[in-house]
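Chains, contacts and geometry: an overview
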Amino acid sequence: MTQTSAPGFSVAGQANSAGYAGDVDAETAWKALESDPKAVLVDVRTQAEWNFVGVPDLAEIGKQAVLAQWQVFPTMTVNPGFVADVRAASPDPSAPIYFLCRSGARSKAAAMALTAEGYTACFNISNGFEGPHDGDRHRGTVDGWKARGLPWMQG
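Since we're looking at a predicted model, the values are computed, not measured.

1. Points about the overall build of the chain
Regarding its fold elements, the chain presents 4 helices and 9 strands. Starting at the N terminus, the α and β elements of the chain follow one another as β-α-β-α-β-β-β-β-α-β-α-β-β. For the chain, the residues scored as buried account for 50% of the 155 residues in total. Considering only residue pairs separated by 6 or more positions, the chain has 62% of its internal contacts joining residues 24 or more positions apart. Carbon together with sulfur atoms contributes 54% to the accessible area of the chain, which is approximately 7200 Å² in total.

2. Let's talk about the pairing of strand S8 (residues 122-125)
Burial along S8 is two-sided: Cys-122 and Asn-124 and Phe-123 and Ile-125, pointing in opposite directions, are all buried. As paired strands, strand S1 (residues 22-24) and S8 are joined by 3 bridges and run parallel to one another. Note on S8: the bridge partner recorded for Asp-23 is Asn-124.

3. Some details on helix H1 (residues 26-35)
Looking only at H1, the buried set comprises Ala-26, Thr-28, Ala-29, Trp-30, Ala-32 and Leu-33. At its buried positions, H1 is contacted by S1, strand S2 (40-43), strand S7 (97-100) and S8. A distance of 3.2 Å separates the backbone nitrogen of Glu-27 from a side-chain oxygen at the start of H1, and that oxygen is part of Asp-25.

4. As for the confidence of the model for the chain
Taken as a whole, the chain shows an average pLDDT of 89; of its residues, 88% reach a score of 70 or greater. Note on residues 1-15: pLDDT under 50 across the span, and 36 contacts to partners over four residues away in sequence or across chains.

5. Side note on the side chain of Asn-79
Among the structural elements, Asn-79 can be located in the loop between strand S6 (77-78) and helix H3 (82-89). Judged by its relative accessible area of 14%, Asn-79 is buried. From its side chain, Asn-79 meets the backbone nitrogen of Gly-81 in a polar contact 2.9 Å long.

6. Here we look at the pattern of salt bridges
On inspection of all chains with the given rule, the structure shows 7 salt bridges. Across the pair Asp-43 and Arg-45 runs a salt bridge, and its minimum N-O distance is 2.6 Å. Asp-43 sits in the buried class, given a relative accessible area of 0%. The salt bridge partner of Glu-49 is Arg-106, with a shortest N-O separation of 2.9 Å. Here the residue Glu-49 occupies a position in helix H2 (residues 47-52), and Arg-106 occupies one in helix H4 (residues 106-116), the gap between them amounting to 57 residues. Taken together, the shared-partner salt bridges connect Asp-25, Glu-27, Asp-143 and Arg-148 into one network.

7. Considering the packing of aromatic side chains
Taken as a whole and judged by the stated rule, the model has 5 aromatic pairs. Relative to Trp-152, the ring of Phe-129 lies with its centre 6.0 Å away and its plane at 85°, an arrangement referred to as edge-to-face. A residue pair is termed long-range when its members are at least 10 positions apart, and Phe-129 in the loop between S8 and strand S9 (152-153) and Trp-152 in strand S9 qualify at 23 residues. In this structure Trp-152 comes out as partly exposed when scored by relative accessible area, which is 32%. An aromatic cluster is present here, built from Trp-70, Phe-82 and Phe-99 joined pairwise through their rings. Positioned above the aromatic ring of Phe-129 is the side chain of Arg-45, whose terminal nitrogen or guanidinium carbon lies 4.2 Å from the ring centre. Against the face of Trp-152 rests Lys-146, its NZ or CZ located 4.3 Å from the ring centre.

Cut-offs used in this document
- Residues numbered from 1 in each chain as written.
- Predicted model: local features only at pLDDT ≥ 70, side-chain atom pairs only at ≥ 80, totals over all residues.
- Heavy atoms only, no water.
- Helix = DSSP H or I, 4+ residues; strand = E, 2+ residues; numbered from the N terminus.
- Buried < 20%, exposed > 50% of the residue type's maximum accessible area, 1.4 Å probe, protein only.
- Contact = heavy atoms within 4.5 Å.
- Areas by Shrake-Rupley, 256 points an atom, 1.4 Å probe, with all protein chains shown as cover.
- Pairing = 2+ DSSP bridges.
- Polar contact = N/O pair within 3.5 Å; in protein donor to acceptor, adjacent residues only side chain to side chain.
- pLDDT = per-residue confidence, 0-100.
- Salt bridge = Lys/Arg side-chain N within 4 Å of Asp/Glu carboxyl O.
- Phe/Tyr/Trp six-rings, centres within 6.5 Å; stacked < 30°, edge-to-face > 60°.
- Lys NZ or Arg CZ within 6 Å of the ring centre and 35° of its normal.

Pasting the structure below:
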């Protein structure tokens with residue numbers, strides 16, 4: 001697996017001083033999900049985002065994304081049940097988990113939280129589902145899961 005990570009991240013996928021295994025782009029996460037039966041995708045966006053923006057569609061590789069809100073809309077407070085939700089969906093703390101949000105910030109926090117709970121291969125999908133804004137301040141066209149043409153469906 002090719003990993004694009006910031007300085008200090010462990011290429012071997014072990015937690016390090018940054019607090020999680022590292023950053024990967026959406027295509028790298030897709031390839032890992034495709035090739036590793038233990039790999040899990042956790043979409044940490046809100047219910048509203050899943051419903052109105054869409055969700056990754058892993059059906060062609062025989063998987064489903066785990067939908068676990070990191071923050072709860074509309075207050076955007078951290079979901080107190082988040083760790084339990086992920087643990088229920090992925091009880092093996094050594095399984096690679098790829099966390100996805102809109103653009104890579106909430107998913108990084110989620111990867112750090114699960115690493116702190118003893119999970120050893122928590123990755124942040126740094127370009128998220130929609131990526132950064134384009135010149136017209138729209139998301140989903142420059143980078144991220146959608147812009148890279150990975151499978152997704154409208155909620």
